Amino acid sequence: MTLTMDDSRPIFMQIAENIEDDIIEGRLPEESQVPSTTQFASFFQINPATAAKGVNLLVDENILYKKRGIGMFVATGAKARLMEKRKESFYEQYVVAMIREAEKLGISKEQLTDMIWRGEGTQ
């Protein structure tokens, strides 16, 4: 599991996103156990309640589930759900914003397509 943190977003959200990344990238396969909230708390030197908040976000989204007395596990279908969620977010956050900016700048669809696929600017 890869764990990287930055100071720009709440830690509990970063923990959830790190788990999501590991599921998407195959480091945490479906039905595998994820680190405990105690492990996250110890690693990041944070309150266990903060770590639990990040894990519980994913439980609420049916990405993780709890096996009583054992720990948290990746749910079946979690990767597909995360991929769909990330695709929607990517579209809204990047594609729509890019199209709006291109329209403001008078960039045609053809020029925009060329910029995306070839990395060329508008000349």
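Just above sits the structure.
Note that the structure is a prediction, hence the values are computed from the model and not measured.

Thresholds, definitions, all that
Residues numbered from 1 in each chain as written. Predicted model: local features only at pLDDT ≥ 70, side-chain atom pairs only at ≥ 80, totals over all residues. Heavy atoms only, no water. Helix = DSSP H or I, 4+ residues; strand = E, 2+ residues; numbered from the N terminus. Rg over C-alpha atoms; globule rule 2.2 N^0.38 Å. Salt bridge = Lys/Arg side-chain N within 4 Å of Asp/Glu carboxyl O. Buried < 20%, exposed > 50% of the residue type's maximum accessible area, 1.4 Å probe, protein only. Arc of directions from axis to C-beta. Contact = heavy atoms within 4.5 Å.

**Here's the deal with the overall build of the protein chain**
For the protein chain, the count of helices and strands is five helices and two strands. Starting at the N terminus, the α and β elements of the protein chain follow one another as α-α-α-β-β-α-α. In terms of overall size, the protein chain is more extended than a compact globule, its C-alpha atoms giving a radius of gyration of 19 Å where 123 residues would be expected to give roughly 14 Å. The dimensions of the protein chain, computed from C-alpha atoms along their principal axes, are 60 × 30 × 20 Å.

**Notes on the pattern of salt bridges**
A complete count under the given rule lists nine salt bridges for this structure. Taking the shortest distance from any N to any O, the salt bridge between Glu-25 and Arg-27 comes out at 2.5 Å. Taken together, the shared-partner salt bridges in this structure form one network comprising Glu-20, Asp-21, Glu-61, Lys-85 and Arg-86.

**Here's the deal with helix H2 (residues 37-44)**
Here H2 has its buried residues at Phe-40, Ala-41 and Phe-44. Around the axis of H2, the buried residues are gathered within 100° of arc, so they sit on the same side. For H2, the exposed residues set more than 90 degrees away from the buried face come down to Thr-38, Ser-42 and Phe-43. Among the structural elements, helix H1 (11-24) and helix H3 (48-60) are those in contact with the buried residues of H2. Following H2 by one or two positions, Gln-45 adopts a phi angle in the positive range, close to 55°.

Distances and angles like these do not, on their own, reveal function.
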